[in-house]
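# Understanding the architecture of this molecule
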Amino acid sequence: MSINHDLAGNTPLLYRCLQHKACWWLLLLTPLLRMVWLVLQGELVNPIEFITHSTGTWALSLLCATLAITPLRQLSGWAGWQRYRRLLGLFAFFYACLHWLTYLWLDQFFALDAIVADLVKRPFILLGMLAFTLLLPLAITSTQGWMRRLKRRWGQLHQLVYPAALLGVLHYLWLVKRDLTTPLLFATGLALLLGWRLWRWVKPRWGGAG
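Structure report, in brief. Just so you know, these numbers come straight off a predicted model, no measurement behind them.

What counts, and at which threshold
- Residue positions are given per chain, counting from 1 as you read along its sequence in written order.
- In keeping with the predicted nature of the model, local features appear solely for residues at pLDDT of at least 70, side-chain atom pairs appear and are counted solely at 80 or more, and the whole-chain, interface and lining totals rest on all residues.
- Hydrogen atoms and water are omitted, and side-chain values are computed over all heavy atoms in the structure.
- Within this document, salt bridges are pairs made up of a side-chain nitrogen of Lys or Arg and a carboxyl oxygen of Asp or Glu, the two lying within 4 Å of each other.
- Partly exposed describes any residue whose relative accessible area lies between the buried limit of under 20% and the exposed limit of over 50%, with all areas from a 1.4 Å probe on protein chains only and scaled to the type maximum.
- In this description, a nonpolar core means a group of buried Ala, Val, Leu, Ile, Met, Phe, Trp, Tyr and Cys residues linked to one another through side-chain atoms lying within 4.5 Å.
- The secondary structure listing takes helices from DSSP runs of H or I that are at least 4 residues long and strands from runs of E that are at least 2 residues long, numbered from the N terminus.
- To estimate the expected span of a helix, subtract one from its residue number and multiply by 1.5 Å.
- Any two residues having at least one pair of non-hydrogen atoms within 4.5 Å are treated as being in contact.
- Only the stretch in contact is used when a helix axis is fitted, and all axes are lines through C-alpha atoms; the angle between N-to-C directions ranges over 0 to 180 degrees.
- Just so you know how the angles are binned, under 35 degrees is roughly parallel, over 145 roughly antiparallel, 65 to 115 roughly perpendicular, and the rest oblique.
- Handedness of each helix crossing follows the sense of rotation of the near helix against the far helix: counterclockwise by less than a right angle gives left-handed, clockwise gives right-handed.

### Overview of the pattern of salt bridges
Going through the model one piece at a time under the given rule, you end up with 1 salt bridge. Ionic pairing is found between D118 and R122, a salt bridge with its closest N-O pair at 2.7 Å. We classify D118 as buried; its relative accessible area is 9%. With relative accessibility at 29%, the residue R122 sits in the partly exposed group.

### Brief notes about the nonpolar core
If you look at the biggest cluster of nonpolar residues, it comprises 35 residues, and the most contacted ones within it are L62 and L135. Where this core is concerned, the elements lending two or more residues are α3 (21-41), α4 (47-76), α5 (85-107), α7 (124-140), α10 (161-175) and α11 (181-209). Top contributing element to this core by residue count: α4, with 10 residues. Listed in part, the 5 residues of the second largest apolar core include W100, Y103, I115 and F124.

### Some remarks on α5
For α5, built from 23 residues, the straight-helix expectation of 33 Å at 1.5 Å per residue is met to within 8% by its first-to-last C-alpha distance of 32 Å. Buried within α5 we find L87, L88, F91, A92, F93, Y95, A96, H99, W100, T102 and Y103. Turning to α5, the residues buried within the fold contact α3, α4, α6 (112-121), α7 and α10.

### Regarding the environment of Y162
With respect to the secondary-structure elements, Y162 resides in helix α10. For Y162, a relative accessible area of 24% gives the class partly exposed. When the C-alpha atoms of Y162 and L67 are compared, they prove to be 8.5 Å apart, with 95 residues separating the residues in sequence. Beyond its immediate chain neighbours, meaning those up to four positions away, Y162 contacts L67, L194 and R197.

### Notes on the packing of α4 against α5
Where α4 meets α5, the axes come as close as 8 Å, and the angle between the chain directions of the two elements is 160°. The angle between α4 and α5 falls in the class roughly antiparallel. As for the relative orientation of α4 and α5, their crossing is left-handed in sense.

Rendered as structure tokens:
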């Protein structure tokens, strides 16, 4: 039985949602709507810290979700997962932009001297900036037009997603001082995603050697 038939027969609502990007857009914008709602309620002790933390967490979550698309496709046999990888990646970049804009604007008020002093005091911020810098060309070249222009180099360029994700996890690990549960979960998830790719790359070579 194909996974398309299984999805359609057993979970028709889920199947229909997976076929329409509008459902994905609504789902992916929900964290932002929740943030806006909570801030407007005026009950947050530190709204800037809340926005910074939430946007960073969602950026990293969606980046890991983007990396999970290929294993999902390979394990499930459903090629339809692939069509959502670009959308997930762009939303990861969107939340990363909000994360850095919150820091630069609401936290530091674009004061260059304050930002430099903060980088010296908290160098984990530099890791996040490097991760964002690596994501920038990936977002710019995510269109079909850039795929045609770059050809084989497009795939090589988009390998930058791996060090970007790694830097993002290290940024989170270094940021947290006490409870490391959440950043360690991200680290474990990323290790599994990268480990799966390494295993898929190594397995045929080991088989060939045997």
